[in-house]
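What follows is the residue order along each chain.
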Amino acid sequence: MKVGIIGGGAAGLAAAAFCGGDTAIVERNEKVGKKLYITGKGRCNLTNNCALYEFFPNIVRGEKFMISSLTAFPPQALMEFMGENGLRLKTERGGRVFPASDKSSDVIKTLLRAAEDRGAKILLDTRVLGVTKDGGGFAVHTDKGDLRFDRLIVATGGLGYPSTGSTGDGYEIARSFGHNIVPAVPGLAPLLLKDDVSPLRGLSLRNVRATVTAGGKSVSEFGEMLFTDDGVSGPIILTLVSRTNRLPLAGAKLSVDLKPALSPDTLDDRLTSDLGEMRNKDIANILTMLMPKALIPYVLERSGVPPHVKGNSVTRAQRYAVGFCVKNLTFTIERADDVKKAIITSGGVDLKEVDPRTMESKLVPGLYFAGEVLDVDALTGGYNLQCAFATGRSAGIAAGSK
Ligand SMILES: Cc1cc2nc3c(=O)[nH]c(=O)nc-3n(C[C@H](O)[C@H](O)[C@H](O)COP(=O)(O)OP(=O)(O)OC[C@H]3O[C@@H](n4cnc5c(N)ncnc54)[C@H](O)[C@@H]3O)c2cc1C
């Protein structure tokens, strides 16, 4: 039984490590795991050390589909597998699991060794250009010639960071076999804004609540965000994009509550007292007690209060307007950033056409999908890699055991 695996990323390597027998990974790059290498800022946050009931809410698309493979291979099983294969791990804040060495290369080495120990061959620098049926198996057409496999696992990743090798080739292969591809859009990506926020570039806001309102729906996240040259990024923005990427974002509103812990009344009391205590100072200076200096022009401009009005001259209406803006500092969204800059691609092979226990195509027996090529995406925290490993393992076991 010959099993071919297209793609030597997280899912492809996991598939090979669990497949055994006569298996070959066909990888277009000069080495495997190029994307794995840059994960977790080079440290590879490979999973989240949490119970499955805590894991599932972090899956944005494909939660139900992932039940079988994650139940069979939950985070603790992955951690055990890594340990058995000689990789020491550590768990950090929020359950994020990293190699003890802080080196993503150690995760790649461990997976590669496990795959080779099970007998997998690795064909590097070989790009798959297309696949056709060949009797009961598959003819895989590559830029180095044709290969033949009895079973085939497509683990080609999504569309993000194409320099790592993921350029959506798997979608074309799936389409050529009649599979529906759910349109790919960015998940975990920055937001581009219509407002000029370049003066705020690099400003990081902690403990704020950001809300995207689009298509009649509002989605909020609490935590940290930061301003970029042309928009916003940071943990809560990436999450918001994943949760709103199917809504009409162009022209929609991003609203930031700079003081979510203060009720409007408490904030008004605080403003009243600050304005009274610093009655002879400009409001622009007084507000430095409440927010980063760089934000003050935005708050004043949106509330229609001149920056040089003195504390004792601020009217009640002006004070209310400032308070309102502190709790609702709004920006107009242009769009989510390009899918090429996304940490995860949302969309991919339609899950309705894939068996969630084996990852086998329901349309083409012997054809399997694993990892990001599937319409599965999750939030940051190690959840995406765990999904790639779990689907890779299921596909590997099923393809190898037929
Ligand atoms: C900057 C960044 C940081 C991230 N950090 C984390 C993190 O810390 N934790 C986490 O859980 N997730 C993280 N992710 C997401 C995670 O990397 C992906 O979920 C995961 O890599 C998906 O695995 P995969 O095997 O499906 O795809 P990939 O890892 O992209 O692997 C696909 C492989 O297929 C190969 N390939 C593609 N087309 C062909 C072809 N035609 N022929 C031959 N080979 C082909 C590619 O070269 C590639 O090696 C991060 C992503 C990015 C971009």
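Above: the structure in question.
A few points on the structure.

Procedures and definitions
Residues numbered from 1 in each chain as written. Predicted model: local features only at pLDDT ≥ 70, side-chain atom pairs only at ≥ 80, totals over all residues. Heavy atoms only, no water. Salt bridge = Lys/Arg side-chain N within 4 Å of Asp/Glu carboxyl O. Helix = DSSP H or I, 4+ residues; strand = E, 2+ residues; numbered from the N terminus. Buried < 20%, exposed > 50% of the residue type's maximum accessible area, 1.4 Å probe, protein only. Pairing = 2+ DSSP bridges. Axes fitted to C-alpha atoms, helices over the stretch in contact; angles between N-to-C directions. Contact = heavy atoms within 4.5 Å. Phe/Tyr/Trp six-rings, centres within 6.5 Å; stacked < 30°, edge-to-face > 60°. Lys NZ or Arg CZ within 6 Å of the ring centre and 35° of its normal. Near = heavy atom within 4 Å. Polar contact = N/O pair within 3.5 Å; in protein donor to acceptor, adjacent residues only side chain to side chain. Areas by Shrake-Rupley, 256 points an atom, 1.4 Å probe, with all protein chains shown as cover. Nonpolar A, V, L, I, M, F, W, Y, C, P; charged D, E, K, R; others polar. Expected span 1.5 Å × (residues − 1). Core = buried A, V, L, I, M, F, W, Y, C linked by side-chain atoms within 4.5 Å.

**Thoughts on the pattern of salt bridges**
And then number 1: Under the criterion given, the structure shown has 24 salt bridges.
And then number 2: Among the ionic pairs, R127 bridges to D169, the shortest N-O distance being 2.9 Å. Highlighted residues: R127 in the loop between β7 (121–123) and β8 (128–134) and D169 in helix α7 (residues 169–176), separated in sequence by 42 residues.
And then number 3: Between R148 and D134 there is a salt bridge, with its nearest N and O atoms 2.8 Å apart. Residue R148 is located in strand β10 (residues 145–149), and its partner D134 is located in strand β8; the two are separated by 14 residues in the primary sequence.

**Quick notes on unusual backbone geometry**
And then number 1: A positive phi is found at L188, a non-glycine position, where the angle reads about 45°.
And then number 2: The residue L188 is located in the loop between β12 (181–187) and β13 (191–193) in this model.
And then number 3: L188 sits in the buried class, given a relative accessible area of 1%.

**Some thoughts on the sheet that holds strand β2 (residues 22–26)**
And then number 1: Read from one edge to the other, the open sheet built from five strands follows the order β7-β2-β1-β11-β20, with strand pairing classed as parallel. Each end of this open sheet is capped by a strand with a single partner; those strands are β7 and β20 (367–369). Recorded for the sheet is a direction-independent mean angle of 20° between the axes of neighbouring strands.
And then number 2: Across three bridges, the pairing between β2 and β7 is parallel. Note on β7: the bridge partner recorded for A24 is K121.

**Examining the environment of L226**
And then number 1: Considering the arrangement of structural elements, one finds L226 in strand β15 (residues 217–227).
And then number 2: For L226, a relative accessible area of 31% puts it in the partly exposed group.
And then number 3: In this structure the C-alpha to C-alpha distance between L226 and R201, which are 25 residues apart in sequence, comes to 7.8 Å.
And then number 4: Leaving out residues up to four positions away in the same chain, L226 has contacts with L203, S204, G231, V232, S233 and G234.

**What to know about the packing of aromatic side chains**
Aromatic rings considered in pairs are described by the distance between their centres and by the relative angle of their planes.
And then number 1: Under the defined criterion, the tally for this structure stands at eight aromatic pairs.
And then number 2: Between the aromatic rings of F55 and Y383, the centroid separation amounts to 4.9 Å while the plane-to-plane angle is 80°, which identifies the pairing as edge-to-face. Here F55 is found in helix α3 (residues 52–55), whereas its partner Y383 is found in helix α13 (residues 383–401), with 328 residues between them in sequence. Side by side, F55 and Y383 carry an identical accessibility label, which is buried.
And then number 3: Aromatic rings pair up to connect F18, F73 and F81 into one cluster.
And then number 4: Positioned above the aromatic ring of Y37, the side-chain terminus of K31 is 5.8 Å from the ring centre.
And then number 5: The ring of F138 is capped by K133, whose NZ or CZ atom sits 4.6 Å from the centre of that ring.

**A look at the site of the ligand**
And then number 1: Neighbouring residues of the ligand: 35 residues in total, closest A11, E27, D169, E372 and L385.
And then number 2: A10 places a main-chain nitrogen or oxygen 3.0 Å from an oxygen atom of the ligand.
And then number 3: Between an oxygen atom of the ligand and a main-chain N or O atom of G40, the distance comes to 2.9 Å.
And then number 4: Contact with the protein chains hides 95% of the accessible area of the ligand, taken as 990 Å² for the molecule alone.
And then number 5: The set of elements that each furnish at least two residues to the shell around the ligand consists of α1 (10–19), α2 (34–38) and α13.
And then number 6: Partitioned by chemical class, the residues of the shell around the ligand number 13 nonpolar, 16 polar and six charged.

**Concerning helix α6 (residues 104–117)**
And then number 1: In a regular helix each residue adds 1.5 Å, so 14 residues correspond to 20 Å; α6 covers 20 Å between its end C-alpha atoms and thus fits that length.
And then number 2: The set of residues buried in α6 consists of S104, D106, V107, I108, T110, L111, A114 and A115.
And then number 3: Where α6 is buried, its residues meet α1, α2, α5 (75–84), β6 (96–99) and α13.
And then number 4: Immediately beyond the C-terminal end of α6, within one or two residues, lies G119, with a positive phi of roughly 100°.

**Topic: the pairing of β8**
And then number 1: Here six bridges tie β8 to strand β9 (residues 137–142), and the two strands are oriented antiparallel to one another. By the bridge assignment for β9, V128 is matched with T142.

**Describing the nonpolar core**
The nonpolar side chains of a soluble globular protein tend to be buried with one another.
And then number 1: Of all hydrophobic cores here, the largest spans 76 residues; its most connected members are L36, M66, V131, I153, F369, L374 and F389.
And then number 2: If near-sequence neighbours (up to four positions away) are discounted, F369 is found in contact with V154, A174, H179, V349, V354, M359, S361, L374 and A395.
And then number 3: Membership of the second largest hydrophobic core comes to 50 residues, among which are L249, L267, A284 and L300.

**Things to note about helix α11 (residues 296–303)**
And then number 1: What α11 keeps buried is the set I296, Y298, V299, L300 and S303.
And then number 2: Buried-residue contacts for α11 involve α10 (283–286), α12 (316–327) and β18 (329–336).
And then number 3: At the C-terminal side of α11, G304 shows a positive phi close to 70°.

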